[in-house]
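# Commentary on secondary and tertiary structure
So the chains spell out like this:
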Amino acid sequence: MSDLPPGHRKPARWWRRTASLLLQLDRVRQYGIGESAARLARRMAQHGRGLVLRRRTTLCDADFFGRCEPAGLTWEVFGDLVRPWVLPAFRDPEALRHLLLSDHRDACQASLAEADRIRGGSLIMLGHQFIDDQRIQWDLDPWSGTRFAPRHRLRLGLDPLGADDRHAVDFMFANEVNKHTVLLTLGKAFFLTGDERYAECAVRHLLDWIDRNPIEVGIAYYSTLTVAQRLMSWVFLWTLLRGSRSFRKDALRPFVTSLWLQGEFLARNLSSHWNPRNNFYLCELAALALVAAALPELRQARGWLEGSTREFAAELPRQVWPDGVSVEQSSGYQRLVIDVVFVMLLLSDHPHAMGLREVAGVGEKLVEAHMRLLEPSGALPAIGDVSTERTVVLDDGREFWDGRAVLATAAAVFGRPDMKWVAGRFYEESAWLLGPDGAHRFERLAASLPGDPSWAAAAGGYYVMASHWGPDAHQMVVDAGWTGMGPGGPGGHGHNDTLSFTLAVGGRPVIVDPGTYVYRGSRAWRDWFRSTQAHNTLTVDGEEMGVLGPGLFQVSQQPTPRVIGWRSTPTEDTLAAEHDGFRRLAGTVVHRRTIRYRKPDAWVVEDQCLGAGVHCCEIRLHCAGDVSVSGAGPSVVLSVGGVPSLGVRFFGPRNLVVRVEDGWVSRTYGQKGIAPVLVAAWSGPLPVRFVTALVALGAGQAGGWQERAERLGIDAGGTAATPSMVTFA
């Protein structure tokens, strides 16, 4: 295996500079002359502040209390003030502690063990060590070995394209440690045990961070999303450490003044000017609202709270399709937006929070779409970018891939018996968010089975074909929607996955989306994981259905999807859809895919490549990392853990060739593993038709399924293939 995808050539410097220029020109075209001029002026003003660098970390007492009401406050009085509108779960700390230690003992023990490792000098995040000589390396990029300079955030010299695979820097790793999940882990350990050693360790790392990260300086301020996530974590941290002597004595003043200064920084740098806006803006607004609720004594707090909640209520529907699917077309960022909604809804009882009833309505639709898209095991599917982004990580990152934690919280918040049924239990994350009151509401709900397991999101473009609800279900999820951010959008966190599908058999993922791997760490790998060939769909002449770039979050000349028909009955689901992503090729090629789910255990996928001229067509099926492939002739068996799980039978023209090649799967940012890929390839004149029959294999069905697959394929118009057509690479 090469360190780069097959066939990739490292781009020359002139190409990177040209691509950067094209990116800027594309933004001018997208925004228009007037808006572009305003953006340029704003950017110049920000750079101007960077030229006169003020290394400010905290405020003096006179400056801080001069911004507060009533006058005459001191830190002794300030530390005793009660803020009843923030974090309702902590209104009765003893009851919350009892809930966690009694109902979530294993999770609490895991948190304490992690806190002990941190105290002992070890912090592993995204597979890398971030503590050296008892100090957290806040400025480290372990991907490249780079340390980010203590310069103004806009003068760090980071390449927005990240195109040089020899020296690429990926600041996502530094972002992860600068969200301060590590401090939350220590704060939780103190809250659960009262052991001052955990608080002292948290205070030491906190003061070290404040001293080494002046406002607007360094990588900690490069991403406003990271700043927003850090601020939300700090509000929780304050509550967790409220009873700590060392926090009150050594950290209260620098902590609170830095919290406010970071809030002012965020208020000056909101991504409200982005077009289109995305999850950054929602997280920024939620962070401002939470900081304002935590510091009501500050004169600006009420304006921040009212303005942020009102704008959040107006913006959220713009980022969510009517059926609850995020316009970013990313399951990971859909979860992030749900997290943000839950944070905002913590302020529902605040007298100055505006529009949160509307937020709850949209949030419930978001969660329902999330529930429908979960794998039968409850795992989060990999659709589009999934980079483990969260608002506040209250479970030490253990439950990111378990999408049922979101449903447990939603069941209690929205009173949804069906969400309780899928969730199964009240998760640790839900307990930290909602406390004993939320746990009681969850327990009082009578769980009930959700509706039809098959589901269509016509606006969002997702179609689910499932046998039943339960961990042993068969489930196919098909993406027939836009690339990302809607028609004419930039692509963002979406991939070239139109008409791609994933398939779980007996609850186990068999045919999967490979994932994300990295953003800026390698342009070659970034582009491979979002490419057409990295998804379970058809490619023509090795071309992309949408042109990747010039930016790492851009796809130009995107395909236009069109759903021809969808029908769901008790015995069969049928979806027919097409896209024109290959229209720029000779012969104006169109890909049309029809999928028939013969319930409960067989699928027939018919691919038509319409147009004219001679072309090379390839259909890929990416397998999970624990899948092995065996075959005889045109029939292939996919086994999970050595147990036959899925039979695959290809039909097509006489010169159809099937091979197995190495691919990759990534479930953790920055890490990937080898996984097999089935490729059915053919060259010839269009139009052409291919049929793939997929049959779930039960116990003792390793053989004998071929006859059924043969009937399914021929009934769908497929042409039987000969054994000589199958080769293995």
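In what follows, the accompanying structure is described. (Residues numbered from 1 in each chain as written. Predicted model: local features only at pLDDT ≥ 70, side-chain atom pairs only at ≥ 80, totals over all residues. Heavy atoms only, no water.)

A separate point is the overall build of the protein chain. Looking only at helices and strands, the protein chain has 20 helices and 25 strands in total. Rg of the C-alpha trace for the protein chain: 27 Å, near the compact-globule value of 27 Å for 729 residues, within the 12% margin. For the C-alpha atoms alone, the extent of the protein chain along its principal axes is close to 85 × 60 × 45 Å. Per-residue burial for the protein chain yields a buried fraction of 61% across its 729 residues. The contacts in the protein chain between residues at least 6 apart in sequence include a share of 73% that link residues at least 24 apart. (Helix = DSSP H or I, 4+ residues; strand = E, 2+ residues; numbered from the N terminus. Rg over C-alpha atoms; globule rule 2.2 N^0.38 Å. Buried < 20%, exposed > 50% of the residue type's maximum accessible area, 1.4 Å probe, protein only. Contact = heavy atoms within 4.5 Å.)

Checked against the element boundaries, Ala466 lands in strand β8 (residues 462–466). For Ala466, a relative accessible area of 6% gives the class buried. It is 9.3 Å that separates the C-alpha atoms of Ala466 and Asp601, two residues lying 135 residues apart in sequence. Sequence-distant contacts of Ala466, defined by excluding residues within four places in its chain, comprise Pro453, Ser454, His474, Gln475, Asp573, Tyr597 and Lys599.

A separate point is the nonpolar core. Counting 151 residues, the largest nonpolar core has Phe236, Trp238 and Leu316 as its most contacted members. What Leu316 contacts, discounting residues up to four positions off in sequence, is Leu282, Val337, Val341, Val359, Val362, Gly363 and Leu366. (Core = buried A, V, L, I, M, F, W, Y, C linked by side-chain atoms within 4.5 Å.)

Residue Glu69 is joined to Pro70 through a cis peptide bond whose omega torsion reads 0°. Along the polypeptide, Pro70 turns up in the loop between α3 (61–65) and α4 (75–80). Here Asn275 and Pro276 are connected by a cis peptide whose omega angle stands at 0°. Within the secondary structure, Pro276 is located in the loop between α11 (245–268) and α12 (279–294). You will see that Leu126, though not glycine, has its phi angle at about 50°, which is positive. Within the fold, Leu126 resides in the loop between β1 (124–125) and β2 (128–129). According to the relative accessible area criterion, Leu126 is buried, its value standing at 14%. We note that Gln329 has phi near 55°; this positive angle belongs to a residue other than glycine. Looking at where Gln329 falls in the secondary structure, it is placed in the loop between α13 (301–315) and α14 (331–345).

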